[in-house]
Structure formats: C-alpha cells, structure tokens
Amino acid sequence: MSNYLFSSESVTEGHPDKVCDQISDTIVDALLTEDPHSRIAAEVVVNTGLVLITGEITSEAHVNFVELARKKIAEIGYTDAKNGFCSNSCAVLLAIDEQSPDISQGVTQAKEQREQLSEDELDRIGAGDQGLMFGYACNETPELMPLPISLAHRISRQLAYARKSGDLPYLRPDGKTQVTIAYEDGKPVGIDTILVSTQHTETIGEITAPDAVQKKIKSDLWEVVVQPVFNDLELKPNDNTRYLVNPTGKFVIGGPQGDAGLTGRKIIVDTYGGYSRHGGGAFSGKDPTKVDRSACYACRYVAKNIVAAGLAEKCEVQVSYAIGVARPVSIMVETFGTAKIPEAKILELVKANFDLRPAGIIQFFNLRGLPGERQGRFYQDVAAYGHFGRNDLDLPWEKTDKAALLKEAAVSLAV
C-alpha cells in the first residue's frame, strides 16, 4: 500500500501577485472588448504605493490603463491608505511597447475578421509562441480537479467572502491557504493539515493583546471560513487534522506593502496545485493567440472530457507548438495506469475529435470575449482562485460536452 501526503496552496485576490494578474487581465478584457484582434502581453508590478504596467500591446482600442488599474484595485479591497497601498493614492506608471513584428508575422497570416474561418485559414494562423502546455483532470472531485487545490481554492474564496460580506470585518485583502491531503494507493483518505494565513487589523474591537487577537481569528476562521467549505463533502477534518492560522503570530502588514507582486508568479495556483506538470508559461495578461493560455485551456478541456467519458480516472494531456505554425508539434496523453482502453487509442480519439490549432481553439471557445453578462470581464474573473474547476463560472473549457461522443467512439474502437 502506498501512503503519502500531498499539499496545494491558493491565494486570495488581495495577494500582491494576484493583484497583478487581475490588473493584467482587466487590461486584456478592456482591449478585446473594443478590438477583438488586439495583441496583448500586459505585465504588472506592484509595490508599496506603486503600480507599473508594462509589456507589448498592439490594438486599435482606446482605454485608460490608469483608470482600469485603480478600479480593479478598489474592487479587490485596497481602498484604505493605511494599508500602504490604496486605489486612489497609488502611483500608476506606464511603459508599453507594441508587439514585435517578428512575432506578429507568424500569427497575422489571415485577417481573422469573420467568426467562422475556413480550414485553410485555420491552418495559416500560427501559434503566438513556441512552448509546451499541459492540461489535467481526475475524478477526485465533482469538478474533476485534484482535491488539495480544490479545497485550497474553496477556503480562499470563503475567506474573501467573509471579508467582503462583513462577517469578519477585521480581515484585510491579502491571504494564503494550504491544504494537505493524505492518500492511500492514489486515493484521498483524510485531511491532514489546513493552513490559513490572512491579513488582519492590529486589534479586533477591544481585543488588543496579540495572542488574544490570533486566538479570536483562529476561532472565527474555523467557524465562518473553514467549516462551511466541508458542509457538502464526505471527507472532513477530524481530531487528527492540524489546523494552523497565521503561524508567525501576526499578519498586519500585507498586500503590496508587505511584498512586491508580479504578473504570472502564481502559475501553480492558477492550474492544478502542483498535482500535474506545468509547461512554465503564465496565463494572465495574454490575448488568446498566446498558446501559453489558450492551449492550456484546450488541454484541460480534452483531459476533462476523457475522464468524464470514463476512459481514465486520471488524465494529463501535453501539446507543444512552434511559433508561427498552426498544428501542434506533438500531442501526448498520460493516464497514470488508470486508462480503461489503451492510451494509443485515447490519443487517436483526441486527434479525431479536438482541434488544437490556435485559431481553432480561439474559435471553438470564443476566446475573444463572451457576449452577455460577462462581456468585458471574461479573463479577470479567472485571474484569482484558479482557471480550472470553476463551477461558479460558465467557462467553455470546463464543459464535458464531448464525453458522450468519446465514450461511444471508444466502444467502436474496442470492436
């Protein structure tokens, strides 16, 4: 019997790196809303009282980057100058260039002005960069995500809700969570450790002693944040579960005042919590011609439909691209010994049923921006609390609409 522990972490929307991710994706949303063919690589740096927006942007859209940044910072919750970082008072600096023509020429070989592109056009629109991307799914949770990262995200979101709703008004925007799961033979069997670090006020009402403040926070978080996460789950904390809160004993100075932030520095939080491999490319701040983003979404979609079809209990999909070339250089499927049919057959199904060309991915998922309620904030909504397993959002790459087709095709292959 193989027994082991596995941990994953999440961070709240007020974490400095996540502030940067959200500003970057707010810029992506704004530019794509006005000009769906914008080319964007928006990078953001934050520090005490400072926001620097840099990168390469080519667009016909006219947006106020300073105003976008301030609005997003306020939405996150940094509206008090006492925090050392405030939406109204921070300096916002811009240092933006246009996209390199050497990159652009490999992508702009078709004008891409129509919703439906021909096969020839799909083949002529190349990847915006070279690289390798992974997608993953497993049957540990209803959303087909690994349990450690799923729980860490749930706790982070509940922490933010407790702050914004006023249930725990002494909380501040910055925070991190970490969950350690005990596994036996690859199956989760227990909650080993729950760790929550959250920014807070120096005092809580009349409570001023640091030890008493931490005791109050620990008790409140268990009741208001942690326990509600497990209400609908079979696996729950027990007497053997370690519960840690602010292990240093204090977390008053946080956010960009406590630590500089940078776009793309939480790629493991964004994906599978380290449970699956990662190609190294970040998501936020990039338009969908960047396969670092769009191909990872496609790989998740492929892996999730394979698991949903019952073809494997775990599935990892890797693709790689050459800049300016439409078709993937390679496609790989790994099921970690859980496949119900040979992996070679699953790979055949993937190649026959999924278009992994960059323009095909953009077209299939409508990655230039969704109409309706979420128009204008499609990307910023996934810039915190993970890009995958988001049952709170209607994300096209989270659908399992090809599972039945794959299951039926697998039966035909077996015959």
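What counts and what doesn't
Residues numbered from 1 in each chain as written. Predicted model: local features only at pLDDT ≥ 70, side-chain atom pairs only at ≥ 80, totals over all residues. Heavy atoms only, no water. Helix = DSSP H or I, 4+ residues; strand = E, 2+ residues; numbered from the N terminus. Expected span 1.5 Å × (residues − 1). Buried < 20%, exposed > 50% of the residue type's maximum accessible area, 1.4 Å probe, protein only. Disulfide = S-S within 2.5 Å. Pairing = 2+ DSSP bridges. Axes fitted to C-alpha atoms, helices over the stretch in contact; angles between N-to-C directions. Contact = heavy atoms within 4.5 Å. Salt bridge = Lys/Arg side-chain N within 4 Å of Asp/Glu carboxyl O. Parallel < 35°, antiparallel > 145°, perpendicular 65-115°, else oblique. Left-handed = near helix turned anticlockwise from the far one by under 90°.

Draft legend 1. Main features of helix α9 (residues 291-308). The end-to-end C-alpha distance of α9, which contains 18 residues, comes to 24 Å, matching closely the 26 Å that a straight helix rising 1.5 Å per residue would cover. Among the 18 residues of α9, 17 are classified as buried, and the element is accordingly described as predominantly covered. Backbone geometry just downstream of α9 places glycine 310 in the positive-phi region, at approximately 80 degrees.

Draft legend 2. Looking closely at the state of the cysteines. Scanning all chains against the criterion turns up zero disulfides. Here cysteine 90 is not disulfide-linked; the sulfur of cysteine 86 is the nearest cysteine sulfur, at 7.2 Å. When its relative accessible area of 2% is taken as the criterion, cysteine 90 is described as buried. This cysteine, cysteine 296, is not joined by any disulfide, and cysteine 299 carries the nearest cysteine sulfur, 6.3 Å off. Accessibility expressed as a relative area gives 6% for cysteine 296, which makes it buried.

Draft legend 3. Just the sheet that holds strand β5 (residues 131-138), in detail. Here we have three strands laid out as an open sheet, ordered β5-β10-β11, and antiparallel in their pairing. The sheet is open, and its two edges are formed by β5 and β11 (330-334), each paired on a single side. This sheet shows a mean twist of 15 degrees between the axes of neighbouring strands, independent of strand direction. Note that strand β10 (residues 314-321) and β11 share five bridges and pair antiparallel. When the bridges of β11 are listed, serine 320 appears paired with serine 330. Helix-sheet contacts for α9 involve β5 and β10, and the interaxial angle to β5 is about 30 degrees.

Draft legend 4. Molecular detail of the pattern of salt bridges. In this structure the tally under the stated criterion is 25 salt bridges. As a salt-bridge pair, arginine 265 and aspartate 17 come within 2.8 Å of each other at their nearest N and O atoms. Remark: aspartate 17 occurs in helix α1 (residues 16-34) and arginine 265 occurs in the loop between β9 (261-262) and α8 (267-270); sequence separation between them is 248 residues. The partner of glutamate 398 in a salt bridge is lysine 304, with the nearest N and O atoms 2.8 Å apart. With a gap of 94 residues between them, glutamate 398 in the loop between α11 (358-365) and α12 (403-414) and lysine 304 in helix α9 connect regions that are remote in the sequence.

Draft legend 5. Main features of the pairing of β5. Here β5 lies mainly inside the structure; six of its eight residues are buried. As paired strands, β5 and β10 are joined by eight bridges and run antiparallel to one another. Bridged to tyrosine 136 within β10 is glutamate 316.

Draft legend 6. Quick peek at the packing of helix α5 (residues 147-164) against helix α6 (residues 210-229). Two elements in contact, α5 and α6, have axes whose closest approach is 9 Å; the angle formed by their N-to-C orientations is 140 degrees. In terms of orientation, α5 and α6 fall into the oblique class. Between α5 and α6 the crossing geometry is right-handed. On the side of α5, the interface is formed by Leu151, Arg154, Ile155, Gln158, Leu159 and Ala162, while α6 contributes Leu221, Val224, Val225, Pro228 and Val229.

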